[in-house]
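Single-letter residue listing:
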Amino acid sequence: MAYRRAKNLDKNLIFAEYFNSDQEVRRNGGVPTDVTFDKGVAEFNGSSSIIRTNSSAGDGLLKASVRVKFKITTLTDYDAIFVRRGSEFIGMYLLGSSVYFWTAGGKNIGRAPVGEWLDVVYTYNSDDSKWYGYINGVSAESGFAAANGFGSDADWQIGYDNGARYFDGDIELIEIYNKALTAEEVKNLYNDARYKVPVLEHDFQGGTDVASGWNTVGFWDTVQTGWTLSDGVWSCNGTNGFL
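Everything quoted here is computed from the prediction, not taken from an experiment.

A. Geometry of the overall build of the protein. When its secondary structure is counted, the protein shows one helix and 20 strands. Counting across all 243 residues of the protein, residues that qualify as buried make up 48%. Across the protein, the fraction of contacts at a sequence separation of at least 24, relative to all contacts at a separation of at least 6, is 58%. Accessible surface, the protein: about 11,100 Å² in total, of which carbon and sulfur atoms supply 45%.

The structure is reproduced here in structure tokens:
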């Protein structure tokens, strides 16, 4: 999928997993097992779905931000969204009804309702040992933590933790930045992601014409004549649709 990118942040983006209809795309393509890809979303079944990415991104970072956009289908008592078990253990996981980020102890970022898309960001700055958590562009929690960094010498595990704690739900993106994002930058990322350009599926008067892809310049955020928008997909009524 294509996103409008918050201004000036591309240079700080060091790890990214995005998805298209059948594979991971951009920068850090991992190896999926039992993962279904549909309209830019990776679907995890809660029992065997995993993506493993061999990447040195994040090694030793003491100033960083992690962003994950996900939706929970079923919640158990402890589910891993992604983890890295190297010289330091870090990761984002679900415990009870909340989403946590773990580095030098668990940080409760906030509630994680089942069935709702959540855009969660964790930031850390070793200069003041302060961390912040955001959900859907809004500051949720904050606190202090030891400057353990992001560790090294291990793969990124998406949707599970060493053969256990499988995630049951959908993941749309994972991003790691080599800076502690400001509240304004987090809000801009969330607002930009709302303008993901959708896959178009349309049928003009009985003739099938499917266009998959995206416009890297513009975006559509309003319903045009003859089209309806549902769950990120534009559909034509087959008679007078145009954009």
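Moving on, there is more to tell.
B. Inspection of the packing of aromatic side chains at higher detail. Per the counting criterion, the structure on display carries 10 aromatic pairs. When the centroid spacing of 5.6 Å and the interplanar angle of 40° are considered together, the rings of Phe-15 and Trp-156 count as tilted. Within this pair, whereas Phe-15 is found in strand S1 (residues 13-19), its partner Trp-156 is found in strand S15 (residues 156-158), the two being separated by 141 residues in sequence. Comparing Phe-15 with Trp-156 shows no difference in burial state: the two are buried. An angle of 85° between the planes, with centres 6.3 Å apart, marks the rings of Phe-70 and Phe-167 as edge-to-face. Separated by 97 residues along the polypeptide, Phe-70 in strand S7 (residues 63-74) and Phe-167 in the loop between S15 and strand S16 (168-177) bring together distant segments of the chain.

C. Molecular detail of the sheet that holds strand S9 (residues 89-95). On the basis of which strands lie adjacent, the open sheet formed by seven strands has the order S3-S6-S15-S8-S9-S10-S11 and antiparallel pairing. The outermost strands of the open sheet, each flanked by one partner alone, are strand S3 (31-33) and strand S11 (106-111). On average, each strand axis in the sheet is tilted by 15° relative to the strand beside it, whichever way the strands run. Relative to S15, strand S8 (residues 78-85) is paired through two bridges, and the arrangement is antiparallel. Along S15, the bridge assignment pairs Phe-82 with Ile-158.

D. Spotlight on the pattern of salt bridges. Under the criterion given, the structure shown has nine salt bridges. Between Lys-63 and Asp-127 there is a salt bridge, with the nearest N and O atoms lying 2.8 Å from each other. Taken together, the residues span a long stretch of sequence, with Lys-63 in strand S7 and Asp-127 in the loop between strand S12 (117-125) and strand S13 (130-135) at a distance of 64 residues. Look at Asp-127 and you get exposed, because its relative accessible area is 59%. Through salt bridges that share partners, Arg-67, Asp-119 and Glu-175 make up one connected network.

E. Structural view of the nonpolar core. Formed by 36 residues in total, the largest nonpolar core has its most connected members in Val-68, Phe-70, Phe-82, Met-92, Val-99 and Ile-171. Here this core takes five residues from S7, the largest share from any one element. Leave out the neighbours within four places in its chain, and Met-92 touches Val-66, Val-68, Phe-70, Ala-80, Ile-81, Phe-82, Val-99, Tyr-100, Phe-101 and Val-120. Within the second largest apolar cluster, 11 residues are counted, among which are Leu-13, Ala-16, Leu-173 and Tyr-177.

F. Seen up close, the environment of Leu-181. Within the secondary structure, Leu-181 sits in the loop between S16 and helix H1 (183-193). Apart from the residues lying within four places of it in its own chain, the contact partners of Leu-181 are Leu-9, Ser-65, Val-121, Thr-123, Tyr-134, Val-186 and Leu-189.

G. Quick peek at unusual backbone geometry. Of note, the phi angle at Asp-34 is positive, near 55°, even though the residue is not glycine. Looking at the secondary structure, you find Asp-34 in the loop between S3 and strand S4 (36-38). A positive phi angle is found at Arg-165, which is not glycine, with a value near 55°. Summarising the element assignment, Arg-165 is placed in the loop between S15 and S16. A residue is classified by how much of its surface remains accessible, and Arg-165, at 33% relative accessible area, is partly exposed.

H. How the structure looks around the side chain of Glu-175. Here Glu-175 is to be found in strand S16. When its relative accessible area of 1% is taken as the criterion, Glu-175 is described as buried. Here the side chain of Glu-175 touches Tyr-18 through a polar contact of 2.4 Å, side chain to side chain.

I. Geometry of the pairing of S8. Where burial is concerned, most of S8 is hidden: six out of the eight residues are buried. Relative to S9, S8 runs antiparallel, the two sharing seven bridges. Following the sheet pairing, Val-83 is matched in S9 by Gly-91.

Parameters and conventions
Residues numbered from 1 in each chain as written. Predicted model: local features only at pLDDT ≥ 70, side-chain atom pairs only at ≥ 80, totals over all residues. Heavy atoms only, no water. Helix = DSSP H or I, 4+ residues; strand = E, 2+ residues; numbered from the N terminus. Buried < 20%, exposed > 50% of the residue type's maximum accessible area, 1.4 Å probe, protein only. Contact = heavy atoms within 4.5 Å. Areas by Shrake-Rupley, 256 points an atom, 1.4 Å probe, with all protein chains shown as cover. Phe/Tyr/Trp six-rings, centres within 6.5 Å; stacked < 30°, edge-to-face > 60°. Pairing = 2+ DSSP bridges. Axes fitted to C-alpha atoms, helices over the stretch in contact; angles between N-to-C directions. Salt bridge = Lys/Arg side-chain N within 4 Å of Asp/Glu carboxyl O. Core = buried A, V, L, I, M, F, W, Y, C linked by side-chain atoms within 4.5 Å. Polar contact = N/O pair within 3.5 Å; in protein donor to acceptor, adjacent residues only side chain to side chain.

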